[in-house]
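Each chain is listed here by its residues.
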Amino acid sequence: QVQVVESGGGLVQAGGSLRLSCRASGSSFSINAMAWYRQAPGKQRELVAEISSGDMRNYADSVKGRFAISMDNNENTMYLQMNSLKPEDTAVYYCNLDGTDSKSARALDAWGQGTLVTVSS
């Protein structure tokens, strides 16, 4: 079983920066890909950015050029550097892990509890 825990959310003024972290823990698992999603009040959850174990990266159009996703494979930790933040970036940000159980080969799909990012104008 694998768990993911996010950290790094908070309140920031428009134009500011925040760095989110997501650490995966458990036994006998491998990571295929990790991703950041966000959900604003009254809206559906949307993909923000994703990164594969092969370092392929994909971003939502709304954050391209402002956000950067990265992963430290040694620490099983994913990061999201968010720059030039806008009020419309306000949301709960969730971490998702797409992995494989190394013993059973079962697919793993883990979600964090979310971390709130609030951008004031």
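Below: a short report on this structure. (Residues numbered from 1 in each chain as written. Predicted model: local features only at pLDDT ≥ 70, side-chain atom pairs only at ≥ 80, totals over all residues. Heavy atoms only, no water.)

1. Focus: the overall build of the chain
- From N to C terminus, the chain includes zero helices and 11 strands.
- The secondary structure elements of the chain, listed N-terminal to C-terminal, are β-β-β-β-β-β-β-β-β-β-β.
- Taking 121 residues into account, the globule formula puts the C-alpha radius of gyration at 14 Å, and the chain, at 14 Å, falls close to it.
- For the chain, the spread of C-alpha atoms along the principal axes amounts to about 50 × 25 × 20 Å.
- Per-residue burial over the chain gives 41% buried out of 121 residues.
- Looking at the chain as shown, the accessible area adds up to about 6,500 Å², and 45% of this sits on carbon and sulfur atoms.
- Put simply, the chain has 11 plus and 12 minus side-chain charges, and the middle of one group is 2 Å from the middle of the other. (Helix = DSSP H or I, 4+ residues; strand = E, 2+ residues; numbered from the N terminus. Rg over C-alpha atoms; globule rule 2.2 N^0.38 Å. Buried < 20%, exposed > 50% of the residue type's maximum accessible area, 1.4 Å probe, protein only. Areas by Shrake-Rupley, 256 points an atom, 1.4 Å probe, with all protein chains shown as cover. Lys, Arg positive; Asp, Glu negative; His and termini not counted. Charge placed at Lys NZ, Arg CZ, Asp CG, Glu CD.)

2. Side note on the sheet that holds strand β7 (residues 67-72)
- Across the sheet, which stays open at both edges, the four strands sit in the order β1-β3-β8-β7 with antiparallel pairing between neighbours. Both outer strands of the open sheet, β1 (2-7) and β7, are each paired with one neighbouring strand and no more. On average, each strand axis in the sheet is tilted by 15 degrees relative to the strand beside it, whichever way the strands run.
- Both β7 and strand β8 (residues 77-82) contribute to a ladder of six bridges, which runs antiparallel. (Pairing = 2+ DSSP bridges. Axes fitted to C-alpha atoms, helices over the stretch in contact; angles between N-to-C directions.)

3. A closer look at the side chain of Asp101
- Position of Asp101 relative to the elements: it lies in strand β9 (residues 91-101).
- The buried charged residue Asp101 lacks any salt bridge partner; its closest oppositely charged side chain belongs to Arg106, at an N-O distance of 4.3 Å.
- Looking at Asp101, its side chain comes within polar contact range of the main-chain nitrogen of Ser104, at 2.9 Å.
- Other than its neighbours up to four places away in sequence, Asp101 contacts Gln1, Ser28, Arg106 and Leu108. (Salt bridge = Lys/Arg side-chain N within 4 Å of Asp/Glu carboxyl O. Polar contact = N/O pair within 3.5 Å; in protein donor to acceptor, adjacent residues only side chain to side chain. Contact = heavy atoms within 4.5 Å.)

4. Description of the pairing of strand β5 (residues 46-52)
- One ladder, built from six bridges, connects strand β4 (residues 29-39) with β5; its direction is antiparallel. If you follow Met34 over to β5, its bridge partner there is Ile51.
- Hairpin remark: β4 followed by β5, antiparallel, with six residues in the connecting loop; positive phi at Gly42, about 80 degrees.
- Two elements, β5 and strand β6 (residues 57-59), share three bridges in a ladder whose sense is antiparallel. Each bridged residue has a counterpart across the sheet, and for Ile51 the counterpart in β6 is Arg57.
- Taking the residues between adjacent antiparallel strands as the criterion, β5 and β6 are bridged by four residues, where Asp55 takes a positive phi near 70 degrees.

5. Focus: the pattern of salt bridges
- Considering all chains together, one arrives at five salt bridges under this definition.
- Arg57 serves as the salt-bridge partner of Asp55, at 2.9 Å between the closest nitrogen and oxygen.
- For Asp55, a relative accessible area of 43% gives the class partly exposed.
- Residue Arg57 is classed as partly exposed on the basis of its relative accessible area, which comes to 42%.
- In this structure, the salt-bridge partner of Asp61 is Lys64, at a minimum N-O distance of 3.1 Å.
- Among the ionic contacts, a cluster of salt bridges with common partners joins Arg38, Glu46, Arg66 and Asp89.

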